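# Structural features, examined
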Amino acid sequence: TPTPTPAPLSEAFIEWQLIDEGVEIISLKVDIYSERVIPNEISGYPVVKIADKAFAHNDNLEYVVIPESVTYIGEEAFYGCDLLENVVLPDSVVEIGYEAFYGCTSLTNVVFSRGLEYIGPWAFASTGLSGFLSIPNSVKYIDRGAFSGCTNLTGVKLPDDLEVQVPNAIVERS
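Before going into details, it helps to say that this report is about the structure given with it. The structure displayed is predicted, hence computed values, not measured ones. (Residues numbered from 1 in each chain as written. Predicted model: local features only at pLDDT ≥ 70, side-chain atom pairs only at ≥ 80, totals over all residues. Heavy atoms only, no water.)

## A few points about the pattern of salt bridges
Heads up, the condition is: Basic side-chain nitrogens of Lys or Arg form a salt bridge, by our definition, when they fall within 4 Å of a carboxyl oxygen of Asp or Glu. Strands here mean DSSP runs of E at least two residues long; helices mean DSSP runs of H or I at least four residues long; both are numbered from the N terminus. Only protein chains enter the accessibility calculation, which uses a 1.4 Å probe; a residue whose area is less than 20% of its type maximum is buried, one above 50% is exposed, and one in between is partly exposed.
Inspection of every chain in the model, using the stated rule, returns 4 salt bridges. Its salt-bridge partner being lysine 49, residue glutamate 24 comes within 3.4 Å of it at the nearest N-O pair. Separated by 25 residues along the polypeptide, glutamate 24 in strand E2 (residues 22-28) and lysine 49 in strand E5 (residues 45-50) bring together distant segments of the chain. What makes glutamate 24 buried here is its relative accessible area of 8%.

Below, the structure is given as structure tokens:
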């Protein structure tokens, strides 16, 4: 039998703010759960953004479900979440910020959204990504070092009309 998806986190556990488009998740008030389901809405407003450093250095996070309403994942949003293993980005995510998943050493698999257009600098650098990675055709720009230090990657399929920041943007070596 499949493992049931946990219920969305209660508003009581989430620090958030209202922005023009909806709700921005700023951080969690408690850090004890290994599985997080971010709610689709808070107080009747859609959750549209994961703020910079919202989940950074969370020592317990292994699994996260990002709702279909989120369009932006902020800078260093999941930075250094050592136990985070798997991320599924909903089709609504358009932009992944600077170092969003940097240093998530247990992160071996990412399912990219079909609406993704921009992958920020070092967004997935020094993660445990492995195997062959397929970047969706919707991606128009990958910034420098986006997958730098991902030593277990065996290949990356890129869209034909992709712009890159520098010639070695994907796997820039330090």
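Next, the rest of the story.
## Some points on the packing of aromatic side chains
Convention followed: Pairs were defined over the aromatic rings of Phe, Tyr and Trp, the Trp ring being its six-membered one, requiring ring centres within 6.5 Å. Orientation was assigned from the angle between planes: stacked under 30 degrees, edge-to-face over 60, tilted for the rest.
Tallied over the full model, the rule gives 9 aromatic pairs. Taking 6.2 Å as the distance between ring centres and 90° as the angle between the ring planes, the aromatic pair formed by tyrosine 98 and tryptophan 122 counts as edge-to-face. You can see tyrosine 98 sitting in the loop between strand E9 (95-96) and strand E10 (109-111) and its partner tryptophan 122 sitting in the loop between strand E11 (118-119) and strand E12 (130-134), a full 24 residues away along the chain. Pairing phenylalanine 112 with phenylalanine 147 gives two aromatic rings, centres 6.5 Å apart and planes at 85°, and the pair type is edge-to-face. With a gap of 35 residues between them, phenylalanine 112 in the loop between E10 and E11 and phenylalanine 147 in the loop between strand E13 (141-142) and strand E14 (152-157) connect regions that are remote in the sequence. Take phenylalanine 112 and phenylalanine 147: they sit in the same class, and that class is buried. Pairwise contacts between aromatic rings join Phe55, Phe78, Phe101, Phe112, Phe124 and Phe147 into one cluster.

## Notes on the environment of valine 139
Worth spelling out the cut-off: Residue contacts are defined here by distance: any two heavy atoms, one from each residue, within 4.5 Å place the two residues in contact.
Secondary-structure assignment places valine 139 in the loop between E12 and E13. Exposure remark for valine 139: the relative accessible area of 0% places this residue in the buried category. Along the sequence, valine 139 and glutamate 117 sit 22 residues apart, while their C-alpha atoms lie 3.9 Å from each other. Once residues within four sequence positions are removed from consideration, valine 139 is found in contact with Leu116, Glu117, Ile119, Pro159 and Leu162.

## Looking at unusual backbone geometry
Keep in mind that most residues, glycine aside, have a negative phi and that most peptide bonds are trans. Positive phi, close to 60°, is recorded for histidine 57, a residue that is not glycine. Checked against the element boundaries, histidine 57 lands in the loop between E5 and strand E6 (63-65). Positive phi is not limited to glycine here, since glutamate 99 has a value of about 50°. Mapped onto the fold, glutamate 99 is located in the loop between E9 and E10.

## Structural notes on the side chain of serine 113
The test is simple: Nitrogen and oxygen atoms within 3.5 Å of one another constitute a polar contact, given that in protein one can donate a hydrogen and the other can accept it, and given that sequence-neighbouring residues count only through two side-chain atoms.
Along the polypeptide, serine 113 turns up in the loop between E10 and E11. In this structure the side chain of serine 113 is engaged in a polar contact, spanning 3.4 Å, whose partner is the backbone oxygen of proline 90. Contact partners of serine 113, with chain neighbours within four places excluded, come to Leu89, Pro90, Asp91, Val93, Pro136 and Ser138.

## Description of the environment of proline 46
Examined against the element boundaries, proline 46 turns out to sit in strand E5. Of the residues examined, proline 46 reaches a relative accessible area of 34% and is grouped as partly exposed. Contacts of proline 46, omitting those with residues within four sequence positions, involve Glu21, Gly22, Val23, Asn40, Glu41 and Ser69.

Such coordinate-based values are descriptive only and should not be taken to indicate function.
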